[in-house]
Structure formats: C-alpha cells, structure tokens
Amino acid sequence: MLVKRCKIINKNGTEEIKDILIENGFISRIEKDIHLANISETDIVDAEENYVLPGIVDVHTHMRDPGLTHKEDFTTGSQACARGGVTTFIDMPNTVPNTTTYELLIEKKNKMKENAYVDYGFHFGGKKTDNSDEVSKITQICASTKIFLNVSTGDMLVEDIGILERIFKNSKIVAVHAEGEMVERAINLSEKLDIPLYLCHLSTEDELEMLKNAKNKGLKVFGEVTPHHLFLNRENMEETDDTRLLLRMKPELKEKKDNNALWNAINSGLINSLGTDHAPHTLEEKMTKLTFGIPSVEHSLEMMLSAVKNKKITMLKLIEIMCKNPAEIFKIKNKGDIKIGNHGDLVIVDINDNSPIKNDKIVSKSGWTPYSSFNRGGRVLTTILRGNIVYSKGEFFGKYGKEITYFD
Ligand code: DOR
Ligand code: ZN
C-alpha cells in the first residue's frame, strides 16, 4: 500500500508532507513523492495532506471476552478501536473466568484468533490464592502481570504480602491498579524486588508526587493517565442524576485541580503514557446498579486531539504518550512509531472536523460515550493496520487483527 500526501510529525516536532510505502505489512519507505511504476490504483490511499499518526497503542482495555460478552466482545471492542484510531490494544484479565492460569490464557488466545479488527495482546492476572508459578510461564507471551491492589470490577484483589512478593518476583513487569497509599505500596514492592512497575490510571496530585519520588530515586516506574481523569471531574458527575451513575469508575473522578496536575505531569514528562481503561457496561447496567467503568477507545484520540487544538499538549506529545511510550514500556514489537521496519499501522485524522461527539452510531456494545457533550478535536478518517484499511469513513473492512509479539 502506498499512502500519499501524509502530514507527519518529525522527532523535533516539525511537520512534513511525505508518502509512506507499506510492503508485506511493514513500512519500507518514507519519502517525498514516491512513484511506483506497477502499483494498482486500489493500493494507493490519498491522505490529502491530513495528519497521519502512528496507530494508537492502548495498553489498558477491558474487552469482556470471555464471560461478559453482553457488555463487549473482542469483535465489537476491536471495531470500536478501529473507529477510534487504535490499532493495538491490550486486554485486561478481569474477564470471566479471570485470566490467571496458563491454560485459561491459551484458551482465551485461541478464542480471540480471527475475531479482531486490530492487533491485540493480553495482560495476565495475579491471583489472591497465589498463581506465581503460572506467572513465570507466561512472561514471553503476555504484556505484563496485572495486579489489583484495590477493589474494582471482578474479584481480583490481592492483599497477602507474601503472595504479592512472589507474583512480583516472577513477572517481567507488573501493571497495578493502585489508588492513594496503595501506589506507595506498589512502588515499594517494585523497588525491593527490582521489577519494573506500570502505575495504571493515576488520578490525583498526591499519586503524581509518589511517582515523582520513585523516578527521582531512579526506579523503573512508569505512570499512566486516562482520558476521563484528564477531561472530566466531580463537577461533570454532579450535573444530573444520570451522570451521577454513568460517571462512576475506579479510580473515581477527582477535582479540577487534579485534572490540571495531570496535564502538567504529561507536559513535564512525569506521565509516560495514556491508556483508556476502556471498561464497557451497558447503559441499563449503569442506570440500574452500581457499576464502575466507562467505554473509551472510540473517542480517546478525538478527545486528545481537542487538547492539541486547545494547546494543552503538542501533537508530538500526543504521539509520545498514545503510541511510542506504551509500545516501548511493554516491549511490543514493531509498533508505536512511523519508521522503516515497523508495522504499517497508521491513522489519518482530519483536525478541521470539530463536530460534536454524539451518542449515536457507537460500535462498542455498551452503546454510549461519556464524551457526548464534547466537540472532537479532529475526526478519525481512516485506520490502517499493517497495510490494510480496517476502517474508513464509517465503514469497516475485515478482521485483520493478529496477536502482538514482544522483544526481550
Ligand atoms: O472503573 C473501572 N472499571 N475500573 C477498573 O479498575 C475496572 C474496570 C472494569 O473492568 O469495569
Ligand atoms: Zn482497568
């Protein structure tokens, strides 16, 4: 595939119009005006000088498959990704059954084959009854061991210190759901056992302080932020009786000052990555019982583009936290950057489309978006996965998704 007239961002933030050639799924040339004698018209995509970004790498999603597929399944979840410009997602282990044994992981992997529109990987779950032996078997075939240090959807809380230490020790990297003082606990474990740590969805100024101290000590600790903790706060929740229920999540929404602290932490480089924590529940479930989580993959990029438009972050920063860093932290092969040798995963966005995000035509089974009152900062026009168009202007083409691989 030849993608013509792409506005791409260079490493120093400057912009250039270039053509990108993708051969056998890999980027082979990035040059001005590539002309090929024998390429068919159908293999040419004209980006028309729109921005072309690396496909988004979302390392924090809950696709609900198996076991909770009335909320989402791999096909609909990955379709929502394609629509949102996400070309790689990593699924969390709080499915039913929880992904906490080697056997269940392989079962999940087999079930998801040929079912995804975009590429995907898996996090493995730490278990309260100690599955550290299982953890040691999966390090090369999973992105991380995910440990819940606080109560959330699914019954996956691990509290016993001995068990926590054994699970940490056998992991290549631990991703934690830790809130407040639990962030400190996770950092201490990471330091003691010398295992890299990924702090999911940091949401307060205090937690950022803990991350800063850990980094100042030289620890291998990374921080993630979600779009909802950047764009929403308690005031949004208090708007109506509906929003009081819809906008419940773990960690809960915080204050305006925390939004600001998170934006600052992105710009100072303290925060490394953005993960959506896409956690779909149906509208009916949200309205009738207490459920934590909101859908997100469909609009995360369009929302973050609004932050670029409002000069909260640069396009270069967006690419760093949504593509490059998440791929690097979890050692995902060939993703996160438009460079020769990487997969031809691209997303073409029209930043002049600032239309309102609407609750209709949602592809996620959850059927709603928390961003329906916001204007997009740009529209995802086309999503390309390894040289295949998977989504373009409202239409979906083929389940080309494959499982990602990792480097050492
Ligand atoms: O709000 C949340 N929802 N937080 C989590 O930690 C889990 C997620 C879910 O799976 O529903
Ligand atoms: Zn989560």
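All values derive from a computational prediction rather than experimental measurement.

1. Quick look at the environment of S300
- Relative to the helices and strands, S300 is located in helix α12 (residues 300-309).
- A sequence separation of 72 residues divides S300 from H228, and the C-alpha atoms of the two residues are 8.9 Å apart.
- If near-sequence neighbours (up to four positions away) are discounted, S300 is found in contact with V86, P227, T276 and M322.

2. So, the site of ligand 1
- Taken together, 14 residues lie near ligand 1, and R64, N94, S152, T153 and K250 sit nearest.
- Within the side chain of H281, an N or O atom sits 3.2 Å from an oxygen atom of ligand 1.
- Summarising the interface, the protein chains cover 99% of the accessible area of ligand 1, which totals 290 Å² for the free molecule.
- Partitioning the shell around ligand 1 into residue classes produces four nonpolar, seven polar and three charged.

3. With respect to the sheet that holds strand β6 (residues 56-61)
- As summarised here, the arrangement of the three strands in space is β6-β7-β8, forming an open sheet in which the pairing is parallel. Looking at strand neighbours, the two that pair on one side only are β6 and β8 (119-122), the edges of this open sheet. The average undirected angle you get between the axes of adjacent strands in this sheet is 20°.
- Where strand β7 (residues 86-91) and β8 come together, four bridges link them in parallel fashion. By the bridge assignment, F89 is partnered in β8 with Y120.
- Contacts between helix α2 (residues 102-112) and the sheet are confined to β7 and β8, with β8 contributing the most and set at about 170° to the helix.

4. Some points on the coordination of the zinc ion (ligand 2)
- The protein atoms that coordinate the zinc ion (ligand 2) are H60 (NE2), H62 (NE2) and D277 (OD), at distances of 2.0 to 2.2 Å.
- Ordering the donors of the zinc ion (ligand 2) by residue number gives the pattern H-x1-H-x214-D. Of this pair, H62 sits in the loop between β6 and α1 (74-84) while D277 is found in the loop between β14 (273-274) and α11 (283-288), placing the two residues 215 residues apart along the sequence.
- With relative accessibility at 6%, the residue H62 sits in the buried group.
- According to the relative accessible area criterion, D277 is buried, its value standing at 7%.

5. A few points about the packing of aromatic side chains
- Scanning all chains against the criterion turns up twelve aromatic pairs.
- Between F74 and F122 the ring centres are 5.9 Å apart and the planes differ by 15°, which places this aromatic pair in the stacked class. Placement of F74 in helix α1 and of F122 in strand β8 is noted, with a sequence separation of 48 residues between them.
- Judged by centre distance (5.9 Å) and plane angle (70°), the rings of Y117 and F396 are edge-to-face. With Y117 in the loop between α2 and β8 and F396 in strand β18 (residues 395-396), the pair connects residues that are 279 residues apart, well separated along the chain.
- A relative accessible area of 11% places Y117 in the buried class.
- By way of ring pairs, the aromatic residues F74, F89, Y120 and F122 are connected into one cluster.

6. Looking at the packing of α12 against helix α13 (residues 315-329)
- It is the contact of α12 with α13, at a shortest axis distance of 9 Å, that shows an interaxial angle of 145°. Along this stretch, α12 crosses α13, giving a crossing that reads as right-handed. For the pair α12 and α13, the contacting residues are S300, L301, M304, L305 and V308 in the first and M315, L318, I321 and M322 in the second.
- Across the contact of α12 with α13, the residue classes tally to eight nonpolar, one polar and no charged.

7. A look at the environment of E16
- With respect to the helices and strands, the residue E16 is situated in strand β2 (residues 15-23).
- Given a relative accessible area of 25%, E16 falls into the partly exposed group.
- Note: C-alpha distance between E16 and V135 (119 residues apart in sequence) is 45 Å.
- If we ignore the near neighbours within four places in the chain, the residues touching E16 are C6, K7, I8, N10 and K32.
- Reaching out from E16, the side chain makes a polar contact with the side chain of N10 at a distance of 2.9 Å.

8. Re the pattern of salt bridges
- With the rule as written, the count across this model stands at 31 salt bridges.
- Across the salt bridge formed by E285 and K71, the nearest N and O atoms sit 3.1 Å from each other. Of this pair, E285 sits in helix α11 while K71 sits in the loop between β6 and α1, placing them 214 residues apart in sequence. We note that E285, like K71, is buried.
- Here the residues in one salt-bridge network are D119, K335, D345 and R386, joined through shared partners.

What counts and how
- Residues numbered from 1 in each chain as written.
- Chains lettered and ligands numbered in written order.
- Predicted model: local features only at pLDDT ≥ 70, side-chain atom pairs only at ≥ 80, totals over all residues.
- Heavy atoms only, no water.
- Helix = DSSP H or I, 4+ residues; strand = E, 2+ residues; numbered from the N terminus.
- Contact = heavy atoms within 4.5 Å.
- Near = heavy atom within 4 Å.
- Polar contact = N/O pair within 3.5 Å; in protein donor to acceptor, adjacent residues only side chain to side chain.
- Areas by Shrake-Rupley, 256 points an atom, 1.4 Å probe, with all protein chains shown as cover.
- Nonpolar A, V, L, I, M, F, W, Y, C, P; charged D, E, K, R; others polar.
- Pairing = 2+ DSSP bridges.
- Axes fitted to C-alpha atoms, helices over the stretch in contact; angles between N-to-C directions.
- Donors = N, O, S within 2.8 Å, 3.2 Å for Na, K, Ca; no water.
- Buried < 20%, exposed > 50% of the residue type's maximum accessible area, 1.4 Å probe, protein only.
- Phe/Tyr/Trp six-rings, centres within 6.5 Å; stacked < 30°, edge-to-face > 60°.
- Left-handed = near helix turned anticlockwise from the far one by under 90°.
- Salt bridge = Lys/Arg side-chain N within 4 Å of Asp/Glu carboxyl O.

None of the figures reported here should be taken as evidence of function without further support.
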